[in-house]
Each structure stands twice: as C-alpha cells, then as structure tokens.
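Survey of secondary and tertiary structure
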Amino acid sequence: MFRSKTFSLLKPISLMSGQPRLAYKCIHPAIASHGHRCHRRSVDARERYKSCPGSAGGRTISAPQTKIMAEEELPGVLILDIGGTHGVLENLAVLLKKHFCLITMKEFLENKKEMSKKIQSVFVFECRPTIDQELLESLPNLKVIGNSGVGVDHLDLKMIANFGIKVTNTPHAVADSTADMGMALMLASARRLVEGCQIALSPDTKYFAVDWLGVEVTRATLGIIGMGNIGYKVAQRARAFNMRILYHNRNQRKEEEEAVGAHYCEKMEDLLQQSDFVMLVVNLTPETHKLIGKKELGLMKPTATLINISRGAVIDQDALVEALQNKIVRAAALDVTYPEPLPRDHPLLKLNNIIITPHIGTATVQALRMMAEEAIANMLAVLNGQPIPSEVFPK
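Residues numbered from 1 in each chain as written. Predicted model: local features only at pLDDT ≥ 70, side-chain atom pairs only at ≥ 80, totals over all residues. Heavy atoms only, no water.

1. A short note on the overall build of the protein
Helices and strands together make up the secondary structure of the protein, namely 16 helices and 15 strands. Counting only residues that meet the buried cut, the protein has 51% of its 395 residues in that class. With an accessible surface of roughly 19,200 Å², the protein has 52% of that area assigned to carbon and sulfur atoms. (Helix = DSSP H or I, 4+ residues; strand = E, 2+ residues; numbered from the N terminus. Buried < 20%, exposed > 50% of the residue type's maximum accessible area, 1.4 Å probe, protein only. Areas by Shrake-Rupley, 256 points an atom, 1.4 Å probe, with all protein chains shown as cover.)

As structure tokens, then:
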C-alpha cells in the first residue's frame, strides 16, 4: 500500500543472449523513452567490461548489443571504478551499461577535456566518488547525481544545488533489507547469539551454563524512532512477534499506525521510558546528530536495548560506552558507527554487551540490484525531463 510508484512498475523481463539474469527491470517512463552502500567487501575485478572507447577492460560488448545501444548515443555516467575494493560491483556495471556510457574516475582524470563533455550524471555507490566543488566545476554538462542508497549525509546538497544539479536517492529499494537487519540485530541481542556462538565454539567450553539467559522479543515493547519507509517495515515485522509498537516521528502517521497497531509518542522521552527495545531509523541531519545522548540513555529502562540501523553519528558514542559499562541500559546492537570502521582500540569494541556489524543493512544481492535500478530510473528521468521518482532537496 505504501510502496512507491517506481516499484509498482517493475515487471519480469527477458534479457538478450549473453546477459546476466536479473530479476526485474524498472519500466519507468524515463527508461522507456530512452529506448529501453562506504566500505564494503572487495570484489574480484579480473573480468572487466569495456565501457567507453579507450577504456581499460577485458570483454567487449557483443556486436548485436553494440548495434542496439551504440555507445556514442548513450549519456556518460561517472563512477569511481568497476570492481576492486570500492568500485561498482560488476553485475551492477552491466546494468548501468544498458543506459549509460560508463566512465571511471581514472579515465576521467586521464582525459578531462574529452570526458568532461560526455558526463551528464554521476552514480554514487557506497559514498563514492567524492562529490566536491572541484569535481562539479570540471563537469559542465552534469545534470544529476544518482545516489545508490537512502542516506545523503555524505553529499553537500546546498553546494550541489548551487550548480543546478539534481540529487536523487533510493529510499524504496532499501526498506525491506534494512528492516530485516533491524529485526536480526534485535533478535541477536535479545538472545545473546554472538556470545552464545563464541561459547559453543570455544575449545575451553566443557558445559553450557543453565543460568545463561537472554530476554524475549515476543510481546515486548518496541519503540521506533523514525516512521519512514524503513520504520514502517520494521513495525510490520514487529507485529508478527505480537510486540507493542510505539513510534516517535516529526509527524504522526495515522494510516501507517492503524495498519500495524502502533501508538504515536509525540515526545521521544515517553517512548524511551516505556520501550524494551529502541530502534533508530532516522536520517542523519543537524537535528538528529547525537539525538541519543547521556540524557536519553538515562531515560531508558536498565533492561532495554538500543538498536541503530540509521547512521552512527545519531548516537553520542561516548555516552553509549558509559551507559553500557555502568549497566544504564542492558545492551546495544549497531549496524552503524562513527567512524566506520571504529579504531581498533575503541572502547565499544571491548564490551561484551554490544553487537556491531559492518554497515550491512542493504548488503543483499536483491537490495543492491534494486538500488541500482531505482538510481537508473532517477537519473534517466532527469536526463529525459520526466518526473523524478526520488529527488532529494536541500533543506
């Protein structure tokens, strides 16, 4: 009911011979009119796909595909790289190549005069490439920056807007995978799964203690701070656990709360005092920076758990260390920190009542593909003068 019109237009497609099998393709008007994630794991880049004339790479496009989608007819899109530690995954590069001429940062820097004329869009994957004033000044034909992911705190929106450039993100593609991650962290923390795994695998374990206990999620109270697309998906999942659902948001979401039986807390303090689990699902803005600090942690139950699937800087990490050390709160489960990764001597890494994962809320095969599809639909909409499915405006 609340899914974006972008994804209501998804349908199965048949791919031409030799192309990887992708589950769906966005049939957005922008795509039709065209003729048709900062730090993750490394990817084997041995087999590269040639993008633009003169670019380095292994395989060239087959003759039939070249005929259908001649490279000179496609708008240029700047990416950091293909494969490697920080580059665009190769299967996503193939998807981008259906609609764009891919230009890597290396190719751009080696031939700025020629490449700067071709680049009309930038695809930001895992917060890369870095968008600064120097780059924008060197791209006179740039019209859109397509961010793969919902968070845009790594982009200076006002500066970009001053150049007349649109910014888009992918809020709908990330909702399910991130909500799944929030539930996974809540369950893992409640039942002490990480500690339990270590005990079960330890060569020193001789027996399992009968007083080694966790807490139940079923029928517990979940407080969701931020009832956007992801927060609502979390609430849907929590309902299946018969949880009492509270939420705090800038605006009351009556339709959503009725659908999942949630209760609105106008004051965040009321939510903090009542919740057994507090889940942060907000964008990082000046207003949400260190939203949870010493005062807020002190309002929580000593048996409560704090879960963060938004951005690390939403929590005052020094205050969290103190709260966990002094049992002000029972535990924390974080998919995000600040910085990422934390310094290896950071005190959070030395606590046994915390779970930290490496910002993997959207790290699924399906989510990354859908994020790329949504980003492509956004960028093509801008280039073709069509309505933009997911535009981000500076505040």
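2. Some words on the sheet that holds strand β5 (residues 119-125)
As summarised here, the arrangement of the six strands in space is β4-β3-β5-β6-β7-β15, forming an open sheet in which the pairing is mixed. Looking at the sheet topology across the chains shown, the edges are occupied by β4 (101-104) and β15 (391-392). The pairing of strand β7 (residues 166-168) with β15 spans two bridges and is antiparallel. The residue of β15 that forms the bridge with V167 is V392. Seen against the sheet, helix α4 (residues 90-97) touches β3 (76-79), β4 and β5 and runs at an angle of roughly 130° to β4. (Pairing = 2+ DSSP bridges. Contact = heavy atoms within 4.5 Å. Axes fitted to C-alpha atoms, helices over the stretch in contact; angles between N-to-C directions.)

3. Looking at the environment of T288
In this structure, T288 sits in the loop between β11 (277-280) and α14 (294-299). On the basis of relative accessibility, which here comes to 13%, the residue T288 falls in the buried class. The sequence separation of T288 and A313 amounts to 25 residues, and the corresponding C-alpha distance is 8.3 Å. With sequence-adjacent residues up to four places away left out, T288 is seen in contact with V282, N283, A313 and V314.

4. Re the layout of surface pockets
The computed volume of the second largest pocket comes to approximately 450 Å³. As for the second largest pocket, its lining consists of 22 residues, and the residues nearest its centre are R192, E195, N352, N353 and I354. If you list the elements that add at least two residues to the lining of the second largest pocket, you get α9 (175-190), α10 (193-201), β13 (331-334) and β14 (354-356). Grouping the constituent residues of the lining of the second largest pocket by class yields 13 nonpolar, five polar and four charged. (1 Å grid on protein atoms, 1.4 Å probe; cavity = no way out; pocket = protein on both sides within 12 Å on 5 of 7 lines; lining within 4 Å. Points joined across faces, edges and corners; volume = space filled by probe spheres on them. Nonpolar A, V, L, I, M, F, W, Y, C, P; charged D, E, K, R; others polar.)

5. Describing the pattern of salt bridges
Applying the stated rule across the entire model yields ten salt bridges. Measuring nitrogen to oxygen at the nearest pair gives 2.9 Å for the salt bridge that ties D153 to R311. Of this pair, D153 sits in the loop between β6 (144-148) and α8 (157-162) while R311 sits in the loop between β12 (305-308) and α15 (317-325); the two residues are 158 residues apart in sequence, bridging distant segments of the chain. The exposure class of R311 is buried, given its relative accessible area of 19%. Residues joined in a network through salt bridges with shared partners are D176, D180, K233 and R237. (Salt bridge = Lys/Arg side-chain N within 4 Å of Asp/Glu carboxyl O.)

6. A few points about the packing of α4 against helix α16 (residues 365-383)
Taken N-terminus to C-terminus, the directions of α4 and α16 make an angle of 25°; their axes are 10 Å apart at the nearest point. Looking at the two axes, α4 sits roughly parallel to α16. Crossing angle aside, the handedness with which α4 passes α16 is right-handed. Of the residues in α16, those touching α4 at L92, L95 and L96 are L368, R369, A372, E373, I376 and M379. (Parallel < 35°, antiparallel > 145°, perpendicular 65-115°, else oblique. Left-handed = near helix turned anticlockwise from the far one by under 90°.)

7. Some remarks on the environment of E322
Inspection of the secondary structure puts E322 in helix α15. E322 gets classed as partly exposed once you look at its relative accessible area, which sits at 36%.

8. A few points about the nonpolar core
Formed by 55 residues in total, the largest nonpolar core has its most connected members in L96, F100, F123, M186, L222, V234 and F277. Looking at this core element by element, the count peaks at nine residues for α16. Discounting chain neighbours no more than four positions away, the residues touching M186 are V217, L222, M243, F277, M279 and I307. (Core = buried A, V, L, I, M, F, W, Y, C linked by side-chain atoms within 4.5 Å.)

9. Let's talk about the side chain of S148
With respect to the element layout, S148 can be found in strand β6. The exposure class assigned to S148 is buried, which follows from its relative accessible area of 3%. When sequence neighbours within four positions are dropped, the list of residues in contact with S148 reads F123, V124, F125, T170, M371 and A372.

10. Description of the pairing of β4
Here β4 shows two buried faces, one formed by C101 and I103 and the other by L102 and T104. Where β3 lies against β4, four bridges are found, and the strand directions are parallel. Of the residues in β4, the one forming a bridge with I79 is T104. Once you follow β3 into α4 and on to β4, the crossover reads as right-handed. (Right-handed = clockwise from strand over helix to strand, strands pointing away.)

11. A word on helix α11 (residues 229-239)
Of all eleven residues in α11, eight are buried; the element is thus mostly enclosed. Among the residues of α11, I230, G231, Y232, K233, V234, A235, R237 and A238 are the ones counted as buried. If you follow the buried residues of α11, they end up packed against α9, β8 (221-225), β9 (244-248), α12 (254-260) and β11.

12. A short note on unusual backbone geometry
Following R128, the chain continues to P129 via a peptide bond in cis, the omega torsion being 5°. A positive phi is found at R219, a non-glycine position, where the angle reads about 70°. The topology assignment puts R219 in the loop between α10 and β8. Taking relative accessible area as the criterion, R219 reaches 61% and is therefore assigned exposed. For H359, which is not a glycine, the phi torsion comes out positive at approximately 50°.

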